[in-house]
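The primary structure of each chain is shown beneath.
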Amino acid sequence: MADSTGLLQFVSPYAFEAMQKVDVVRLAALSDPELRLLLPCLVRMALCAPADQSQSWAQDKKLILRLLAGVEAVNSIVALLSVDFHALEQDARKELQLRQKAGGANAESILVSQLQHGLTLEFEHSDPLRRLRLTLSELLAIMNKVADSNGEFFLKSSELFESPVYLEEVADVLCILQAELPSLLPIVDVAEALLHVRNGDWFLCLLVANVPDSFNEVCRGLIKNGERQDEESVGGRRRTEALRQLCQMNPSQALNIRAMVVEECHLPGLGVALTLDYKPDTADDAVSPLVSYVSGLLLGTNSKVRTWFSMFIRNGQQRKRESSSVLWQMRRQLLLELVAILPRSRSTHVPNDGDPEEGGGSGYSGLREEHVVKASALLRLYCALMGIAGLRPTDEEAEQLLQLMTSRPPATPAGVRFVSLSFCKLLAFPTLVSTPEQEQLMVMWLSWMIKEEEYFESAAGVSASFGEMLLLVAMYFHSNQLSSIIELVCSTLGMKIAIKPSSLSKMKTIFTQEIFTEQVVTAHAVRVAVTNNLSANITGFLPIHCIYQLLRSRAFTKHKVSIKDWIYRQLCQTTTPIHTQLIPLIDAYINSILTPASKANPEATNQPITEQEILNVFQSCAAQGESGRVGRQRYSITTQLLVLYYILSYEENLLASTKQLALMQRKPKSYSAALMDQIPIKYLVTQAQGLQQELGGLHSALLRLLATNYPHLCLVEDWVCEEEVTGTLPLLRKMMLPSNSCRYTQSQLHQAFQKLPSSSPRLMRILERLTLLSPGDLIPYAEALTASMALLLEPAVPRRILQTLNKLWMGLNTVMPRRLWVMTVNALQPSAKLLRQQRYTQNDLMVDPLIVLRCDQRVYRCPPLMDIVLHMLNGYLLASKAHLQCHLKETADFDRQIQTVSNLGVPGQPDTPEVTREELKNALLAAQDSAAVQILLEVCLPNSEEQQLGAGAAATESLLKSVRGPAPARSRQGGPGPGGGAAGVDDTEPEGGLLSDLREVQCLICCLLHQMFIADPNIAKLVHFQGYPQALLPLTVAGIPSIHICLDFIPELLAQPQLEKQIFAIQLLSYLCTQYALPKSLSVARLAISVMGTLLTVLTRAKRFSFFMPTLPCLVSFCQAFPPLYDDVASLLIQVGQVCASDVATKARDVDPLIARLQYLKEKPQDAVLPGRGSSSSLTLPQKTAEELGGADPDVQLCYCIEATFMDIISSTLHGL
């Protein structure tokens, strides 16, 4: 730093520590030259009044005085302390003000008068006060110039601070000045000024040594004012050297000062220099302090620090190589550490036990085990220096790095890590290999890696070895996925490095042509052992990554290597949490099965997993279904879910690829329906629902496949039922169940069913006990429960048993719906069919869902069992839709292909349009759904026994309605009208009143029809265009909330040419108007009245009677719902009456008085009722007359019906007031 600093003696760490601790004994042990440097502080300590008045300090002070007594220089320091420092400070402050006014250093000095000689001679001949003034004036001048320099460094030539003869006296004066005038001379400002004079670092160390408590303050101030890059300027290097000398004086604080450097991002060279100077008390054999420090800066999370230090490396390389440069000192030290751990001998590699293939003449020595971790740290550091900081290695560094990277570590986990890092460094910096000899060395090392990979994995006991990484890189090179290689390298090294893809061309040639040809890669990959218990907890690069990339590049099919067995074995060796690569692997495998590698070779595909292998995976589930609890499953739930995903995804992709497969004349085999029937799909999905966190995206993928291909397993009511079965309350009930409680067997349950009704209490106990079990534990009892369902149809069976059975069935439906449905349908067949032992299969029921309704007729009056039947019917209707859609996709493109081939050469022969097949499918589904609805509506009708039981109640109910009268029109519409059959539905109830089996079944059916109409409104339209018994209209309109959609198509129904459909439309509309008195209903009612008026003019006499007799009573409902229609209805009734009267004008009976009466009723309706509105005798008279005239002329009957309608309208109006 200065010319004479090499000759000067600095304060030793021993002396500084003695001063810091005021250890008098150690101070006494110092030599005279060392003690001379500390005299200013010791003299002040001896002369000044101490704050510590203890006896011990008094003794120490005596020792200090005795120590100072023999030193001659003490007298001069005592003289300095005798000066009036207050006056000196005042003069100094005046001089500062004078300098500020003058604006420079040329102003006259108050402290020092005109100098006759130079500073040195003046200092020599001056008394103590003048010496203080001379030094203070010079120091203030330097500090003033520093303040005005704006950060630009300068070196002040000062004779006073450069003369070697007076350096010690000047240092004494400087220390005394700073100690006595701390406010005028802050120690940090003094330290900053000393950097700008020669010997400044020596003066600074003496100053701090005499004020040891200021060490951290001085260092922090110097660092804060320092440069971001210290080696770029003279000032930076002087500051670094000064701080380095301070830390050598106080080595215990060196690491703290280094931390300040990093915190401020100033003086990077100082941080490296302090690390080079640092000598730890206990040597760490693993990683040196320099490697740890630089690695922490470049690989830490602080990007600001990383950029700051990287700039230090880059800037340092631009200057010529200097031995004094801190950067080159660092590089030299790193190279020495690298060479120190290189294998000493290049002799043979000692083979490990059990490694017979390791030859003794390989010519390569092994890396010692204690050096492996240090070697890995060095490799990562050099990667960071070259990749992040842009270090350009010298030839010597590159040669030694390559020697280290191609060394052979022992078979330990650390050795596996070292090989992986070496391999990735070769890929990241291929320029390290520049000569043919080096290239040959690298090839031989890579060949050794391939050879030793399996042994390393077994000996080191790690699942992820470098063999998978080699395979993966080879596959990436073959598929030209260079970006994937770069990502792999960066993730392995743990740092983001900018690697140009073009730099990998040489490595690509070596890999693809010399080491790993594609055929070698595929042949080697299938021999790699699968990962046992593969899960997301196993990190690193595994065989599954390699196989996945080979599947994507179609290498297996191209070279005719079967990969099916490897994938099957890996799927069987999985556990939770699921590995993220498993689902992409299955998808790629399915794609390789269905899509050939090239059009030229359509047979180049992989083989699918066989049905027997799939069945083996699900044997544990099947065993659980047969024998109840299973102690240990052969395959994990993860394996079963993955295989289920494979099957469902395979079938979906097979259907989606039908067109392409047809063009290539290929038809891969689909899995049989028998196989699908044996897989407990719903049970597995239910299990997956509780493992969603551990299964990643597998659960949602399975739900998507189910919704598409198995919609009957995704019913909304099933999900709601699952909440009831698996919710908190059932869980609490199960927890309260004692573990040693009585357990019933399937045979006991079967015997209790057979002895009904005498065994009802015992059966009830068994069923209640079963309700406490989970759905999975109920599976063994499924067959016994369903097989005995027909026995519950006997009349003496308690309702509670039926309800409990329904609850158990719904629970089982959450885990095994398809098998349960088939067993239930077969169990509920009529007894005649059971004698023939006709057993339906799953496929039979999907082809014809109406089989479900061909059950024992007694089921239709057993609400708990009817609920089960309706649930199955809804499911099979959805399953039939999916089945037909699947069948259409399977056959459509092949049929089109055959049709296209057969039509070749035949002009004018069009292809069969695809839309026809779709329309046929839709027509079949519509017919199927409408048939189911019609059958269910027919079930709602009371049978003959129910009608006989409810005849008296119907009459009473009808009478009460006519008297109470919110809707007396219903009591008037007898016979063929819409209310004629209403007594059979609304009013015909058994002795239990509304709480009857028929009523409950009707409610269940209406709920299902409501769901069907919402799901597909076209079903509602089709059913109502077909029509159904008019007696059901009150039930359907009141019980099916969604039936209001019929208002949309009633105008279209009125326009039909068939008279029966027009009658049904008007009757339906009459009930809808009463139920939904909406503006839309009003407009449709107006249309219906208009249509009736139009038909009056065109219908013949016979058709007029058959049309108006059932529709005229509907006008009462129109008027009741919408009073504004009264005028239109009255006009229509008079028109109909006039037409009928004109036809019977020539008859013996004259009906003109009737017409006159109708006209009078229209004008004065209030006169039609006798006084006392409660009496209805006059209103019922015309109806009785019409009944008496049943054999009379139809027109006469119609006239009396018109009058009765008039009276009902008037009655309903008056009741509404």
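A quick note: this is a predicted structure, and the numbers were derived from the prediction, not measured.

Cut-offs used in this document
Residues numbered from 1 in each chain as written. Predicted model: local features only at pLDDT ≥ 70, side-chain atom pairs only at ≥ 80, totals over all residues. Heavy atoms only, no water. Helix = DSSP H or I, 4+ residues; strand = E, 2+ residues; numbered from the N terminus. Buried < 20%, exposed > 50% of the residue type's maximum accessible area, 1.4 Å probe, protein only. Contact = heavy atoms within 4.5 Å. Areas by Shrake-Rupley, 256 points an atom, 1.4 Å probe, with all protein chains shown as cover. Core = buried A, V, L, I, M, F, W, Y, C linked by side-chain atoms within 4.5 Å. Expected span 1.5 Å × (residues − 1). Axes fitted to C-alpha atoms, helices over the stretch in contact; angles between N-to-C directions. Parallel < 35°, antiparallel > 145°, perpendicular 65-115°, else oblique. Left-handed = near helix turned anticlockwise from the far one by under 90°. Nonpolar A, V, L, I, M, F, W, Y, C, P; charged D, E, K, R; others polar. Salt bridge = Lys/Arg side-chain N within 4 Å of Asp/Glu carboxyl O. Phe/Tyr/Trp six-rings, centres within 6.5 Å; stacked < 30°, edge-to-face > 60°. pLDDT = per-residue confidence, 0-100. Polar contact = N/O pair within 3.5 Å; in protein donor to acceptor, adjacent residues only side chain to side chain. Disulfide = S-S within 2.5 Å.

Caption draft 1: Summary view of the overall build of the chain. Along the backbone of the chain there are 68 helices and 0 strands. Within the chain, the proportion of its 1217 residues that are buried is 53%. Counting contacts in the chain only where the partners sit at least 6 residues apart, residues at least 24 apart contribute 75% of the total. Roughly 54400 Å² of accessible area belongs to the chain as shown, and the carbon and sulfur atoms make up 54% of that amount.

Caption draft 2: Summary view of the nonpolar core. Residues Leu246 and Tyr646 are the most contacted members of the largest nonpolar core, which totals 378 residues. The greatest single-element share of this core, amounting to 11 residues, is contributed by helix α21 (residues 372–387). When near neighbours in sequence (up to four residues on either side) are disregarded, Tyr646 contacts Ile586, Tyr589, Ile590, Ile593, Pro608, Ile609, Ile614 and Tyr671.

Caption draft 3: How the structure looks around unusual backbone geometry. Cis geometry marks the peptide bond from Thr576 to Pro577, where omega comes out at -5°. Relative to the assigned elements, Pro577 resides in the loop between α31 (564–572) and α32 (582–594). You will see that Val22, though not glycine, has its phi angle at about 50°, which is positive. For Val22, the position within the fold is in the loop between α1 (13–21) and α2 (24–28). With a relative accessible area of 32%, Val22 lands in the partly exposed category.

Caption draft 4: Focus on helix α35 (residues 637–656). An ideal rise of 1.5 Å per residue puts 28 Å on 20 residues; α35 measures up with 28 Å between its terminal C-alpha atoms. The buried fraction of α35 is high, at 17 of 20 residues.

Caption draft 5: Structural view of the packing of helix α17 (residues 268–277) against helix α18 (residues 289–299). Axis separation between α17 and α18 bottoms out at 9 Å; the angle between their running directions is 155°. On the basis of the axis angle, α17 is roughly antiparallel to α18. In this structure, the crossing between α17 and α18 has a hand that is right-handed. Residues Gly271, Val272, Thr275 and Leu276 of α17 pack against Pro289, Leu290 and Tyr293 of α18. Residues belonging to the contact of α17 with α18 are distributed by class as follows: 5 nonpolar, 2 polar and no charged.

Caption draft 6: Geometry of the pattern of salt bridges. Applying the stated criterion across every chain yields a total of 28 salt bridges. For Arg26, the salt bridge goes to Glu17, with nearest N and O atoms at 3.6 Å. Ionic pairing is found between Glu168 and Arg36, a salt bridge with its closest N-O pair at 3.4 Å. Highlighted residues: Glu168 in helix α11 (residues 167–180) and Arg36 in helix α3 (residues 32–36), separated in sequence by 132 residues. Look at Glu168 and you get partly exposed, because its relative accessible area is 38%. Note on Arg36: relative accessible area 13%, which makes it buried. Within the structure, one salt-bridge network assembled from shared partners comprises Glu17, Lys21 and Arg26.

Caption draft 7: Region of the structure containing the packing of helix α57 (residues 997–1015) against helix α58 (residues 1017–1026). Between α57 and α58, the shortest axis-to-axis distance is 4 Å and the interhelical angle comes to 115°. In terms of orientation, α57 and α58 fall into the roughly perpendicular class. Here Met1012, Phe1013, Ile1014 and Ala1015 of α57 come into contact with α58, specifically with Pro1017, Ile1019, Ala1020 and His1024. Looking at the contact of α57 with α58 residue by residue, the class counts come to 7 nonpolar, 1 polar and no charged.

Caption draft 8: Main features of the packing of aromatic side chains. Here the structure, examined in full by the defined rule, presents 12 aromatic pairs. With 5.2 Å between their ring centres and 70° between their planes, Trp821 and Tyr876 make a pair best called edge-to-face. Of the two residues, Trp821 is situated in helix α48 (residues 817–827) and Tyr876 in helix α51 (residues 863–902); the sequence distance between them amounts to 55 residues. Each member of the pair, Trp821 as well as Tyr876, carries the same accessibility label: buried. Here Tyr1028 and Phe1064 contribute two aromatic rings whose centre-to-centre distance is 5.1 Å and whose plane-to-plane angle is 80°, an arrangement assigned as edge-to-face. In this pair, Tyr1028 sits in the loop between α58 and α59 (1033–1039) while Phe1064 sits in helix α61 (residues 1059–1075), placing the two residues 36 residues apart along the sequence. The buried category is assigned to Tyr1028, whose relative accessible area is 7%. Feature note: the residues Tyr589, Tyr646, Tyr650 and Tyr671 constitute an aromatic cluster, connected by ring pairs.

Caption draft 9: Structural detail: the confidence of the model for the chain. When pLDDT is averaged along the chain, the result is 78; 79% of the residues meet or exceed 70. The least confident element of the chain, judged by mean pLDDT, is helix α54 (residues 951–964) at 35; the most confident is α61 at 92. A low-confidence stretch, residues 622–632 (pLDDT under 50), is modelled with 16 contacts involving residues beyond four sequence positions or located in other chains.

Caption draft 10: A look at helix α20 (residues 326–341). Given a rise of 1.5 Å per residue, 16 residues ought to cover 22 Å, and the 23 Å separating the end C-alpha atoms of α20 matches this to within 8%. Within α20 the residues assigned to the buried category are Val326, Leu327, Trp328, Met330, Arg331, Leu334, Leu335, Glu337, Leu338 and Ile341. Elements in contact with the buried residues of α20: α17, α18, α19 (303–318), α21 and α22 (395–405). Capping of α20 at its N-terminal end is provided by Ser325; its side-chain oxygen lies 3.3 Å from the backbone amide nitrogen of Leu327.

Caption draft 11: Seen up close, the environment of Thr576. Turning to its location among the elements, Thr576 is positioned in the loop between α31 and α32. Every residue in contact with Thr576, bar those within four places of it in the chain, is listed here: Ser535, Thr638, Glu694 and Leu695. Polar contacts involving the side chain of Thr576 include one to the side chain of Glu694, which spans 3.4 Å.

Caption draft 12: Expanded view of the state of the cysteines. Per the counting criterion, the structure on display carries 0 disulfides. No disulfide involves Cys205; its sulfur sits 9.3 Å from that of Cys219, the nearest cysteine. Of all cysteine sulfurs, the one in Cys424 lies closest to Cys383, which takes part in no disulfide; the gap is 8.5 Å. The buried category is assigned to Cys383, whose relative accessible area is 0%.

Caption draft 13: Molecular detail of the environment of His1024. Along the chain, His1024 turns up in helix α58. Sequence separation between His1024 and Lys1061 is 37 residues, and the spatial gap between their C-alpha atoms is 8.8 Å.

Caption draft 14: Broad picture of the side chain of Thr824. By the element assignment, Thr824 lies in helix α48. Given a relative accessible area of 0%, Thr824 falls into the buried group. A polar contact of 2.7 Å, which involves the side chain of Thr824, links it to the backbone oxygen of Leu820.

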